[in-house]
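Understanding the architecture of this molecule
Residues per chain are reported as follows:
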Amino acid sequence: MSLAGKTILMSGGSRGIGLAIALRAAADGANIAMLAKTDTPHPKLEGTVHSAADAIRAAGGQALPIVGDVRDDAQVTEAVLKTQGEFGGIDVVINNASVIDLSRSLDLSAKKYDLMQDVNVRGTFMLSRAAVPVLRDSANPHILSLSPPLNLSPKWLGAHTGYTLAKYGMTMATLGLAAEFADAGIAANTLWPRTTIATAAVQNLLGGDRVMAASRTADIYADAAYSVITKPASSYTGQTLIVEDVLEADGVTDFSSYAAVPGTPDDRLFPDIFLD
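**Quick word on the overall build of the chain**
For the chain, the count of helices and strands is ten helices and seven strands. For 276 residues, the compact-globule estimate of 2.2 N^0.38 gives 19 Å, and the chain sits close to it at 17 Å. Among the 276 residues that make up the chain, the fraction classed as buried is 51%. Residue pairs at least 24 apart in sequence account for 74% of intrachain contacts in the chain once pairs closer than 6 positions are excluded. If you sum the accessible surface of the chain, you get close to 12,000 Å²; carbon and sulfur atoms cover 53% of it. When the 21 basic and 29 acidic side-chain charges of the chain are each reduced to a single mean position, those positions are 4 Å apart.

**Structural notes on the nonpolar core**
One finds Ile32 and Leu191 to be the most contacted residues of the largest nonpolar core, which totals 78 residues. The leading source of residues in this core is helix α9 (residues 218–229), at nine residues. Contacts of Ile32, omitting those with residues within four sequence positions, involve Ile8, Ala22, Ala25, Ala26, Ile56, Gln62, Ala63, Leu64 and Phe87.

**Let's talk about the packing of aromatic side chains**
Summed over all chains, the structure comprises five aromatic pairs. Ring centres of Trp156 and Phe274 lie 6.0 Å apart, and the angle between their planes is 55°; this geometry places the pair in the tilted category. Taken together, the residues Trp156 in helix α5 (residues 154–157) and Phe274 in the segment after α10 (243–249) connect sequence positions 118 residues apart. Like Phe274, Trp156 is buried. Both rings, one in Phe255 and one in Tyr258, keep their centres 6.4 Å apart while their planes meet at 40°; by these two values the pair is tilted. Three or more aromatic residues joined by ring pairs make a cluster, and in this case those are Trp156, Tyr163, Tyr168, Trp192 and Phe274. Taking NZ or CZ as reference, Lys231 lies 5.4 Å from the ring centre of Tyr236, over its face.

**As for the side chain of Asp272**
Among the structural elements, Asp272 can be located in the segment after α10. If we ignore the near neighbours within four places in the chain, the residues touching Asp272 are Trp192, Pro193, Arg194, Thr195 and Thr196.

**Section: the packing of helix α1 (residues 16–26) against α9**
Relative placement of two packed helices is described by the angle separating their axes and the distance separating the axes. Between α1 and α9, whose axes approach to 8 Å, the crossing angle comes to 50°. As the angle between them shows, α1 and α9 are arranged oblique. Handedness of the crossing formed by α1 with α9: right-handed. Note on element contacts: α9 touches α1 through Ala218, Asp219, Tyr221, Ala222, Asp223, Ala225 and Tyr226, opposite Gly16, Ile17, Ala20, Ile21 and Arg24. Across the contact of α1 with α9, the residue classes tally to eight nonpolar, one polar and three charged.

**Here we look at the pattern of salt bridges**
Side chains that differ in charge, positive against negative, can pair when their charged atoms come close. Applying the stated criterion across every chain yields a total of twelve salt bridges. Two residues, Asp245 and Arg194, come together in a salt bridge whose shortest N-O distance is 2.4 Å. A residue pair is termed long-range when its members are at least 10 positions apart, and Asp245 in helix α10 and Arg194 in the loop between β6 (187–192) and α7 (200–206) qualify at 51 residues. Taken together, the shared-partner salt bridges connect Arg24, Asp28 and Asp223 into one network.

Parameters at a glance
- Residues numbered from 1 in each chain as written.
- Predicted model: local features only at pLDDT ≥ 70, side-chain atom pairs only at ≥ 80, totals over all residues.
- Heavy atoms only, no water.
- Helix = DSSP H or I, 4+ residues; strand = E, 2+ residues; numbered from the N terminus.
- Rg over C-alpha atoms; globule rule 2.2 N^0.38 Å.
- Buried < 20%, exposed > 50% of the residue type's maximum accessible area, 1.4 Å probe, protein only.
- Contact = heavy atoms within 4.5 Å.
- Areas by Shrake-Rupley, 256 points an atom, 1.4 Å probe, with all protein chains shown as cover.
- Lys, Arg positive; Asp, Glu negative; His and termini not counted.
- Charge placed at Lys NZ, Arg CZ, Asp CG, Glu CD.
- Core = buried A, V, L, I, M, F, W, Y, C linked by side-chain atoms within 4.5 Å.
- Phe/Tyr/Trp six-rings, centres within 6.5 Å; stacked < 30°, edge-to-face > 60°.
- Lys NZ or Arg CZ within 6 Å of the ring centre and 35° of its normal.
- Axes fitted to C-alpha atoms, helices over the stretch in contact; angles between N-to-C directions.
- Parallel < 35°, antiparallel > 145°, perpendicular 65-115°, else oblique.
- Left-handed = near helix turned anticlockwise from the far one by under 90°.
- Nonpolar A, V, L, I, M, F, W, Y, C, P; charged D, E, K, R; others polar.
- Salt bridge = Lys/Arg side-chain N within 4 Å of Asp/Glu carboxyl O.

Have a look at this one:
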């Protein structure tokens, strides 16, 4: 199944994994609307919603950059209506926007805790919910959230409780939507990688150059996401999926091309959090 002519509404996506997913869809000729705050360049991070839109068009897709905040209900509703008005519908919602803070509980500020809950959990629920009436009219509607499986091991529950709650909240919201709207044929799944992905978050928060060099590129996440959202929505839903498992099920056995540093063996890659 191709994404040609299909419409994706994504939260965030100015850079990193979200942009990689958008570019993979754009190669099919998809329409991509992005609800993101990055109207102007960040001093430390590359990319804005406008530069992302330019890249999407260059890759063969249509782009609708929407400057807005997934925490603002009016802006979320406006994004859904703008996307529907521009492209005639919505086929896929990708909950990509996420805030990370790995601080221990006594060090985590209340403001950052609230921000993670608002963007990760509430944003995922509200954007997905706002799009459901439009998704109902799609021939193959999908919701995809970039969040991990629910691993209740004390190792992960206690590692960074505030962040764990926020990411697991994304997953629980998505699984709830999968169950609630199964009769409407709307798929909802989550997707998470086995290894770290070479993004700004890894560079700045998870270990700098050392971990970046032991990571995979965002292309592996993009290829897996593409596989998920082109599956039949009626039967491929309610799952907490792992990037590499998705690709392996599609027959991919060699992941060496995804190494951020070519030639890095798989056993030297840095494992992502939440997976044992």
